[in-house]
Amino acid sequence: MRALLFRSPGEPLALETIPDPEPGEGEVVIRVARCGVCGTDVHATSGHGFVLPAGSQLGHEYGGEVVAVGKNVDRLAVGDRIAAMTVVGCGQCEGCKSGIDLLCTNQYVGYAHGLAEYARVSARGATKLPATMSLADSALVEPFAVGCRAVRLSDVQRDAKIVIIGPGPIGLSVLFWLRKRGVENVVMLASSDRRRTLTESMGGDKFVVEKDSAGEEIRAILGGAPDIVFEAAGVPGVVGRAIDLVRPGGTIIGLGFCLQPDTIIPGMAMIKDVTIRWSTTFTREDFAACADAIDKDAVLARSLVSTVVGMEQASAAFEDFRNGKGGSGKLQIDPWS
Ligand SMILES: [Zn+2]
Ligand SMILES: [Zn+2]
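This one's a predicted model, so the numbers in the text were calculated from it and none came from an experiment.

Parameters at a glance
Residues numbered from 1 in each chain as written. Chains lettered and ligands numbered in written order. Predicted model: local features only at pLDDT ≥ 70, side-chain atom pairs only at ≥ 80, totals over all residues. Heavy atoms only, no water. Helix = DSSP H or I, 4+ residues; strand = E, 2+ residues; numbered from the N terminus. Rg over C-alpha atoms; globule rule 2.2 N^0.38 Å. Buried < 20%, exposed > 50% of the residue type's maximum accessible area, 1.4 Å probe, protein only. Donors = N, O, S within 2.8 Å, 3.2 Å for Na, K, Ca; no water. Tetrahedral: all angles 85-135°; square planar, octahedral: opposite > 155°, others 65-115°. Axes fitted to C-alpha atoms, helices over the stretch in contact; angles between N-to-C directions. Parallel < 35°, antiparallel > 145°, perpendicular 65-115°, else oblique. Left-handed = near helix turned anticlockwise from the far one by under 90°. Contact = heavy atoms within 4.5 Å. Polar contact = N/O pair within 3.5 Å; in protein donor to acceptor, adjacent residues only side chain to side chain. Nonpolar A, V, L, I, M, F, W, Y, C, P; charged D, E, K, R; others polar. UniProt positions renumbered as here; feature names shortened; annotations may be inferred.

S.K.: Explanation requested: the overall build of the protein chain in the structure shown.
M.R.: For the protein chain, the count of helices and strands is 11 helices and 17 strands. The C-alpha radius of gyration of the protein chain comes to 20 Å, within 12% of the 20 Å expected for a compact globule of 337 residues. Its C-alpha atoms put the protein chain at 55 × 40 × 35 Å along the principal axes. Here the protein chain, with 337 residues, has 52% of them falling under the buried criterion.

Okay, here's the thing in structure tokens:
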């Protein structure tokens, strides 16, 4: 099969032919319908904080149709349509009992290899798609699950004043889930105008570009300082900015993936009695809830995607994404187009 492989930091992904995957015990193999690319893939292939082994596969936002079933799999059969969870824990330890497989203390198994024609998937980590959901939409489950958990953690009320920093796919998935909860008073704070139209297409009509007077502008729009700030930009400076913006006694939920040192003034957070809470990935329940939500709101969810390319164009499109030159929304790869 064809797959995109990592070679070295900063080098374009290589399209190569490798052996078809075989399902191990407790695993299935799917024909990948669609795989999304995200900022984590850029970190992983640019030497930010860690370096993957040469020849590694990538892709953690994907789904497809089961074509082979391994031993000891009873809940999946050939022809089932699934979204894949790409981190699967032991299921026994305290970390796994929290519901978040990434917290497994017994070395979780990684299945981030969706940038390929076929992929081996843990049956335990597979979520069956609702019957009416399109296979292509399976690749949206993972990014929307990240926002699902963060919004759930925030315990947001309908009349809350909200700022989301960063209108990338993660910030927009937070917006999606806030709107599902009927929360309307939401400002998207961005470093530029680039994603204004994309944000509007996801239902975000309050868009502010960062500048000295942005805090004032936000308070005027919301009718006061935000109760909750979602930090979804993941670049140095934004946690400090969130502390600056949030109301006294307010909450900051961090879901940006910043791998550089960042400086905050803790006293500024302390004096405002701010709660800062980071949110990693999602639980299995969030993942399943996402499949249902995307099925019900497919048109809105799909507006997150701006570019879909086949395998031949994937490496170049990935470089455009790495260099900030791609579309304003998510890049997805359709291995069969
Ligand atoms: Zn991701
Ligand atoms: Zn575990």
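Next comes the rest of the description.
S.K.: When you look at the coordination of the zinc ion (ligand 1) in this model, what are you seeing that I'm missing?
M.R.: The textbook angles at a metal center are 109.5 degrees for a tetrahedron of four donors and 90 or 180 degrees for an octahedron of six. Each protein donor to the zinc ion (ligand 1) is listed here as C38 (SG) and H60 (NE2); together their distances run 2.1 to 2.2 Å. A residue pair is termed long-range when its members are at least 10 positions apart, and C38 in the loop between β3 (27-37) and α1 (39-46) and H60 in the loop between α1 and β4 (61-69) qualify at 22 residues. Relative accessible area serves as the criterion here: at 14%, C38 is assigned to the buried category.

S.K.: Hey, could you run me through the coordination of the zinc ion (ligand 2) in this one?
M.R.: Taken together, C90 (SG), C93 (SG), C96 (SG) and C104 (SG) make up the full set of protein donors to the zinc ion (ligand 2), lying 2.3 to 2.4 Å away. The site at the zinc ion (ligand 2) holds 4 donor atoms, and with the angles between them running 103 to 116 degrees, its shape is tetrahedral. When the donor residues of the zinc ion (ligand 2) are listed from N- to C-terminus, their spacing reads C-x2-C-x2-C-x7-C. On the basis of relative accessibility, which here comes to 9%, the residue C93 falls in the buried class. The exposure class of C96 is buried, given its relative accessible area of 11%.

S.K.: Would you take a moment to explain the packing of helix α3 (residues 141-154) against helix α4 (residues 169-180) for this structure?
M.R.: In a packed pair of helices, the relevant descriptors are the angle between the two axes and the axis-to-axis distance. Between α3 and α4, whose axes approach to 8 Å, the crossing angle comes to 60 degrees. What the angle tells us is that α3 and α4 run oblique. Along this stretch, α3 crosses α4, giving a crossing that reads as right-handed. Side by side, α3 and α4 meet where P143, F144, V146, G147, C148 and V151 of the first sit next to I170, S173, V174, F176, W177 and L178 of the second.

S.K.: Just to check I follow, could you spell out unusual backbone geometry for this structure?
M.R.: The phi torsion of most residues other than glycine is negative, and most of the peptide bonds are trans. Even without being glycine, N72 reaches a positive phi, approximately 55 degrees. Within the chain, T281 stands out as a residue other than glycine whose phi angle is a positive 40 degrees. Looking at where T281 falls in the secondary structure, it is placed in the loop between β15 (275-278) and α9 (284-296).

S.K.: Before we go on, may I ask you to explain the side chain of H60 in this structure?
M.R.: For H60, a relative accessible area of 11% corresponds to the buried category. Polar contacts involving the side chain of H60 include one to the side chain of D41, which spans 3.4 Å.

S.K.: Sorry if this is basic, but what is going on with the packing of α3 against α9 here?
M.R.: Relative orientation of the contacting elements α3 and α9 amounts to 115 degrees, with a least axis distance of 8 Å. Considered as vectors, α3 and α9 are oriented roughly perpendicular to each other. Crossing handedness for the pair α3 and α9: right-handed. Residues V141, E142, F144, A145, C148, R149 and R152 of α3 lie in contact with α9, whose contacting residues are D286, F287, C290, A291 and I294. Taken together, the residues that form the contact of α3 with α9 break down as 8 nonpolar, no polar and 4 charged.

S.K.: Where do I start with the UniProt feature "domain: Enoyl reductase (ER)" (unreviewed entry) in the protein chain in this structure?
M.R.: Sites flagged by UniProt as "domain: Enoyl reductase (ER)" (unreviewed entry) map to residues 10-333. As annotated, residues 10-333 has a helix share of 30% and a strand share of 23%, and its two end C-alpha atoms lie 19 Å apart.

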